[in-house]
Each structure stands twice: as structure tokens, then as C-alpha cells.
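Below are the chains, spelled out letter by letter.
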Amino acid sequence: MASTVIPSVYSDPHFIGNRRVITHLMEWKYDDIGNECERFLGPYGYGGVQVSPVNEHAIMDGRPWYERYQPVSYVIQTRSGNEQQFRHMVQRCNRAGVRVYVDVVLNHMTGGQQGLGTAGNYFNGHEQQYPGVPFGPEHFNGPESCPTENLEIIDWDNPVQSRNCRLFGLRDLKQSCEYVRRKQIEFLNKLIDFGVAGFRCDASTHMWPEDLQNIFSRLNNLNEEFFPSNSRPFIYHEIIYYGGGGINPNEYISLGRIIEFRFWKEITNVFRGHNQLKWLRNFGTEWGLIDSSDAFIMIDSHDLRVGHNGELGFNINCFEPQLLKAATAFMLAWNYGIPRILSSYRWKQIVKDGKDLNEWVGPPTDLFGNIISIKINPDESWNNQYWMCEHRWKQIYNLVRFKSIVDDEPIINWWDNGDNQIAFSRGNRGFIAFNLQKTRLNNDDNGNADYDKNQLDLRKRLQTGLPAGTYCDIISGDRDGNKCTGKSIIVDQNGWANIYIGHNELDVFFATHLEAKLTE
Ligand code: LM2
Ligand code: CA
């Protein structure tokens, strides 16, 4: 049983204080991330930042975002910056109370092409030559270890194929080889010594758990300048699993946390109106998900946003901001796993036959191909023609704070209307309600045309669990000194309050917590 498993030594994110949430500043430059740690992530209570792969990768035509998933060497140099800049960023973020996690691609190098990497190293994928490391053909899986004719993964549920054959033609490293392990350990230890708190492990399904175990066990403890002694790196694994056969995430549980794709899928399904909100009452292990203490969760990601994994039109991304905020709100309010918010750049989505023709488009650049910096204006707006900055959306950062405030308090006072309105408290520290009744009806084609519009509103006296007082809604507004800029509720001596979420409101949820309470 999962609950008897000892939590992995790699499952602690090393957040400072009661910080609880990670954001992925996809493709951001290190100087910009350093600034953002100091001026926003630190002050607004984010626990950590995930950075896109930092090591040298193939330069591809048109500079797609996914070129960063084609390593050429372990030299730290990309369009996000060089080693000095990375190192400086890590120090600044740690000092601002924000941990840094690096996306590491250990499974493979490039596809079959040849060319130059971002640090100027030549490579030849066809011949499996990577002099920048150096790696040669003997360091890759081939016919002796991969049983398929063309060395590609064909049966994804077959462990030998999945681990020893090529993922989309990407040259597959032989991690059973001591030399390969040593090169990867050197790279990871360098990052650790710079002060990172851990890693997102790309394509974990395609690597043998025993190879990863060997590599991780030889990693340094985290840098004592920033972490308590004997701290182990935090590691979270990409393992796409929806139940049934195939490679089971349990194989990786001793190696860190698992990115729980079932969490993403079930929540997306509900918020898209394909399942009723009321069922979420016991959402978690009772739905077959892994233990909360082993889980890492998300609503959107660098892949999902363009329909890599999942499906365009199902996946929720920045082009449906209200839906993204609502699903993210549930993720942040529920007591499960470690949440990550994708913060993306803008691209022109062109949907054709269920595919985004611009799925490849990389970060915004100037005429010379340099990534454009984030620019924050005096009124706190930013150059949003380039950067979406989901982590700066008020509904999202206010719930990042909510999560810190409610801490590990249990979910109590669950209420639902038997359909698509729900509410719950987090102990006596926070309260949230959702009204997706309208969304459901929008997607409901079974002809409820004469449905009473009033029934679409959530208008109900509910138990909030909160101490008596006046509380500001942190979604429609905020607390500003001793007044509310948006909605407010009055909680009586017994914790009850009138809650209202109109069916035509922009945000379909209401939330408040102890720090949004007005003084008497
Ligand atoms: C991942 N997790 O396990 C990342 O989340 C995902 O973004 C990576 O794929 C994948 N593993 C490999 O690191 C991305 C992208 C792919 C892209 C690869 C390599 O989603 O589309 O594949 O990076 O850049 C691209 C082409 C593909 C081609 C391949 C090899 O899209 O058509 O396959 O390069 O040249 C022939
Ligand atoms: Ca592999």
C-alpha cells in the first residue's frame, strides 16, 4: 500500500517558511528571473522557480522551444544566459527566499541531424558524436540493447523498448555505462554547488529506475550556504500515466515526486464540464491518484499548452484565461501535492484539424534572435504582447498566498448543490466556493432550454469555518487597508455567511482567508 512507503529522500522541495507553490518561467533569461525573484516571486510568496533546460542544446531552424530538449553538451549556455548569469540568478533567488529547480534532460541527446549547439560545439546525431561532452557511439543504446528494427520506441508499454530505444528519434544515452553516469553526475553536482534546490527530470519513463537511483545517490548534498546540512535535492519526474498497464509510476516513487497526470486530466475534465464538480469531494487517492506526499501537480505545462500530451481543445491554456484561472484555483485550494504554475510567452495559435500549426513557436526575440526581456511598467503591467506572466495574474497569486495561509489545514465544511456548485473550508483559515453551473449548461446539449436562470447563480448561506468578521473576496478584488475593493462577506459568530457568485460573473469562484479579514 502506498501509505506504507517511506517518502523518498528526494521529495522535499526545501521551500522556505510556508511557501508552497512553484512557477515555471518558461524560456525566461536568467537576469530577468533574478529580477523577478527579488521584485515579485519573493514578495508574493512563491516557493520556487523552474527554469527551462540550462545546458547546451541544438540550434534548430526557426528556433522552436523544443530545441532545448535536444542536448549537445553539459556546458551551461543557452539563449537564457551563460554559467555566470545562471549562478548569479541562483544566488539572488535563494536570497529572496525562492528556490531554483532545473529541467534536466538526461535520457537523450539530439535527433539525427548535425550542426552547432548553443555553446558553439559541433555535433552529429546521425553518427552519435558529441565532442562537447565528449560522447561517442559507444555511449548510446543501439541494436544490442534496443530490440526494434529502426531503434525507435514502438510499444510504449514495453519497458525494454521504452528505456533502450529512441524517443522521437532522439539519440538514447546508455545510462548503465559508468562514463555516461559520471558525466551526468558532474553536471548535476555543478548545478547543486551553485545552489539549486533540485531538478525536473525529463522523460523519466524512458530511463531505468536503477540507473537513476545510481546517479541520484552520488549527487552532492545541497549547498550549505543556502540549505541546512544533509539536504538532498528535490527531484520530480515526468511520467505520463493514466492507470492500467504500461510503466507504473510506483517504480519511481523512491526517486522523488511524480508529476501526476491523472490529477491534471481529472481536473481539466471537470472544469471543461465533462464531469460534475460535486464529485471532487473525495478527490485524491480515492480516485486512484498517488499519495499527496509523492505528487507534483499542474493544470498547464510547456507541453500541454500546445497540445503535446493531452489534446488541444481539452487542455486548458492561456487562451482561455477564465477557465485556466478557475482550474488553477482548485489546484491551489485543494490539499494535494506540490503545484506548479506555467508562466508562458505569447504565440499566435493557429488551430487546424485539432492541431496548433504554431505549436513549435519559441520565445519572443528581437531581430538578432535574442530573447526579449520582461519589462515591468510603473503600474505593474508588463509587455504582455510578449509574455503572458500567468504567475502575475491576481486570481493566481492571491491563491498562492491563500495556500501559504491555509498551510496543511484539512478540507472541511464541504458543500455542493448536487451538481456544479461547491464550497469548502481549509480548517478555520480559508474558504473557497466555485460556481460552474453555467459552464456545465453551456456544454450540456441535452436540451435544458427552460432551465431557470436564477438557479445558475450560487446564492447560499454556508459554513465558512472562519472566525466572525468581515472578509474580502481575494478574487473579485482584494483587501486594501481596512476596506474591500471587490466583494465581501460577513461571517457570523458561528461561522456562517451569505455567499454569492452570479452566473454571469467573470470569475466563477470566491475565496477568502484570515489575512483578508477587516479589523473591527
Ligand atoms: C519531455 N518529457 O518527457 C518533454 O516534456 C517534451 O517537451 C520533450 O519533447 C520530450 N520529453 C523529449 O525531451 C519535446 C517536444 C518534441 C520534440 C522534442 C525534442 O515535445 O516535439 O521533438 O522536445 O526537441 C522534436 C520534433 C519531432 C522530432 C524530434 C527529433 O517535434 O518531430 O522527431 O524533435 O528530431 C522526429
Ligand atoms: Ca532511454
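Residues numbered from 1 in each chain as written. Chains lettered and ligands numbered in written order. Predicted model: local features only at pLDDT ≥ 70, side-chain atom pairs only at ≥ 80, totals over all residues. Heavy atoms only, no water.

Here is the rule we go by: UniProt positions are given in the numbering used here, feature names are shortened, and annotations may be inferred rather than shown by experiment.
In the nomenclature of an unreviewed UniProt entry, the protein chain corresponds to Alpha-amylase from the organism Dermatophagoides farinae. The heading Catalytic activity (unreviewed entry) in the UniProt record of the protein chain holds the text "Endohydrolysis of (1->4)-alpha-D-glucosidic linkages in polysaccharides containing three or more (1->4)-alpha-linked D-glucose units."

1. Looking at the site of ligand 1
Under the convention used in this document: Neighbouring residues are identified by heavy atoms, a residue being near a molecule or strand if any of them is within 4 Å of it. Distance and chemistry together define a polar contact, namely a pair of N or O atoms within 3.5 Å, with one atom able to donate a hydrogen and the other to accept it when in protein, and with adjacent residues in sequence counting only for side-chain atoms on both sides. Residue exposure ignores everything except the shown protein chains as possible cover, and the areas themselves are Shrake-Rupley values with a 1.4 Å probe.
Taken together, 15 residues form the shell around ligand 1, and within it Tyr 66, Asp 202, Glu 238, Asp 303 and His 308 come nearest. Within the side chain of Asp 202, a nitrogen or oxygen atom sits 2.8 Å from an oxygen atom of ligand 1. Within the side chain of Asp 303, an N or O atom sits 2.4 Å from an oxygen atom of ligand 1. For ligand 1, the protein covers 77% of the area, taking 680 Å² as the surface of the free molecule.

2. Some remarks on the pattern of salt bridges
For clarity, the cut-off: The working definition used for a salt bridge is a side-chain nitrogen of Lys or Arg within 4 Å of a carboxyl oxygen of Asp or Glu. The secondary structure listing takes helices from DSSP runs of H or I that are at least 4 residues long and strands from runs of E that are at least 2 residues long, numbered from the N terminus. Relative accessibility thresholds used throughout: buried, under 20% of the residue-type maximum; exposed, over 50%; partly exposed, between the two (1.4 Å probe, protein chains only).
In the structure shown here, the tally under the stated rule is 25 salt bridges. Note that Glu 225 and Arg 95 form a salt bridge whose closest N and O atoms lie 3.6 Å from each other. Here the residue Glu 225 occupies a position in the loop between helix 5 (209-217) and strand 10 (234-237), and Arg 95 occupies one in helix 2 (residues 83-95), the gap between them amounting to 130 residues. Taking the relative accessible area as the measure of exposure, Arg 95 reaches 60% and is therefore exposed. One salt-bridge network, in which partners are shared between bridges, spans Glu 36, Arg 39, Glu 380 and Arg 392.

3. Quick notes on the coordination of the calcium ion (ligand 2)
Stated formally: Sodium, potassium and calcium take a 3.2 Å donor cutoff, other metals 2.8 Å, and in both cases only N, O and S atoms count; water is not among them, so sites may look incomplete.
Within the protein, Asn 107 (OD1), Arg 163 (O), Asp 172 (OD), Asp 172 (OD) and His 206 (O) serve as the donor atoms for the calcium ion (ligand 2), at 2.3 to 2.6 Å. Counting gaps between the donor residues of the calcium ion (ligand 2) yields the pattern N-x55-R-x8-D-x33-H. With a gap of 65 residues between them, Asn 107 in the loop between strand 6 (99-104) and strand 7 (114-116) and Asp 172 in the loop between helix 3 (159-164) and helix 4 (178-194) connect regions that are remote in the sequence. Both residues of the pair, Asn 107 and Asp 172, count as buried.

4. Some words on the UniProt feature "domain: Glycosyl hydrolase family 13 catalytic" (unreviewed entry) in the protein chain
Under the local residue numbering, the UniProt record ascribes the feature "domain: Glycosyl hydrolase family 13 catalytic" (unreviewed entry) to residues 20-403. Helix makes up 24% of residues 20-403 and strand 15%, and the two end C-alpha atoms of the span are 7 Å apart.

5. Some words on helix 2
Note the following rule: By this rule, a helix spans an expected 1.5 Å times one less than how many residues it contains. In this analysis, two residues are considered to be in contact whenever any of their non-hydrogen atoms come within 4.5 Å of each other.
Between its first and last C-alpha, helix 2 extends 19 Å over 13 residues, near the 18 Å set by a 1.5 Å rise per residue. If you follow the buried residues of helix 2, they end up packed against helix 1 (30-41), strand 2 (48-51), strand 4 (71-78), strand 5 (81-82), strand 6 and helix 4. Among the residues of helix 2, the N-terminal cap falls to Asn 82, whose side-chain oxygen and the backbone nitrogen of Gln 84 are separated by 3.1 Å. Following helix 2 by one or two positions, Gly 97 adopts a phi angle in the positive range, close to 85°.

6. Concerning the side chain of Thr 328
Among the secondary structure elements, Thr 328 is positioned in helix 7 (residues 321-333). Under the relative-accessibility criterion, Thr 328 is labelled buried at 3%. Setting aside residues up to four positions removed in sequence, Thr 328 forms contacts with Ile 299, Ile 341 and Ile 396.

7. Side note on the nonpolar core
What counts, and what does not: Among the buried residues, those of types Ala, Val, Leu, Ile, Met, Phe, Trp, Tyr and Cys that are joined through side-chain atoms within 4.5 Å form a nonpolar core. What marks off one domain from the next here is an automatic or database domain assignment.
One finds Phe 86 and Phe 271 to be the most contacted residues of the largest nonpolar core, which totals 139 residues. Of all the elements, helix 7 adds the most residues to this core, at nine residues. The residue makeup of this core includes at least three contributed by each of domain 1 (22-104 + 179-259 + 345-387) and domain 2 (411-516). Counting 14 residues, the second largest nonpolar core, distinct from the first, contains Trp 415, Leu 466, Ala 497 and Ile 501.

8. Remarks on the domain arrangement of the protein chain
One can read the domain layout of the protein chain as domain 1 (22-104 + 179-259 + 345-387) and domain 2 (411-516). Taking only C-alpha atoms into account, the centre of domain 1 sits 36 Å from that of domain 2.

9. A closer look at the sheet that holds strand 4
For clarity, the cut-off: Two strands are counted as paired when DSSP detects at least two bridges linking them.
Spatial strand order, 3-4-5: three strands in an open sheet with antiparallel pairing. Every other strand in the sheet has two partners, leaving strand 3 (55-57) and strand 5 as the edge strands with one partner each. When strand 4 meets strand 5, the two strands line up antiparallel, connected through two bridges. In the sheet register, Thr 78 faces strand 5, and the bridge partner there is Gly 81.

10. A few points about the packing of helix 1 against helix 2
For clarity, the threshold we go by: Only the stretch in contact is used when fitting a helix axis, every axis being a line fitted to C-alpha atoms; angles between N-to-C directions are given from 0 to 180 degrees. Working rule for angles: under 35 degrees goes down as roughly parallel, over 145 as roughly antiparallel, 65 to 115 as roughly perpendicular, anything else as oblique. The residue classification treats Ala, Val, Leu, Ile, Met, Phe, Trp, Tyr, Cys and Pro as nonpolar and Asp, Glu, Lys and Arg as charged. All others, Gly included, are polar.
Running from amino to carboxyl end, helix 1 crosses helix 2 at an angle of 5°, the nearest separation of the two axes being 8 Å. One finds that helix 1 runs roughly parallel with respect to helix 2. Seen from helix 1, the contacting residues are Tyr 30, Asp 31, Ile 33, Gly 34, Asn 35, Cys 37 and Glu 38; seen from helix 2, they are Gln 85, Phe 86, Met 89, Arg 92 and Cys 93. In terms of residue class, the contact of helix 1 with helix 2 is made up of six nonpolar, three polar and three charged.

11. Side note on the state of the cysteines
Our working definition: By definition, disulfides here are pairs of cysteine sulfur atoms that lie within 2.5 Å.
A full pass over the atoms with the stated rule returns three disulfides. Two residues share a disulfide in this structure: Cys 146 and Cys 165, whose sulfurs sit 2.1 Å from each other. Taking the torsion about the sulfur-sulfur bond, which here is approximately 105°, the covalent link between Cys 146 and Cys 165 counts as right-handed. One end of the pair, Cys 146, is in the loop between strand 8 (122-124) and helix 3; the other, Cys 165, is in the loop between helix 3 and helix 4, with 19 residues separating them in the sequence. Both residues of the pair, Cys 146 and Cys 165, count as buried. Sulfur-sulfur distance for the disulfide between Cys 472 and Cys 484 comes to 2.0 Å. Residues Cys 472 and Cys 484 are joined through a disulfide that is left-handed, its torsion about the S-S bond being -80°. Here Cys 484 lies in strand 22 (residues 483-484) and Cys 472 lies in strand 20 (residues 469-472), a separation of twelve residues in the sequence. With its disulfide-bonded cysteines labelled consecutively along the sequence, the protein chain is connected as 1-2, 3-4, 5-6. Summary of cysteine pairing: Cys 201 is not part of a disulfide, and the nearest cysteine sulfur, belonging to Cys 177, is at 18 Å. With no disulfide of its own, Cys 318 lies closest to Cys 389 among cysteine sulfurs, the gap being 11 Å.

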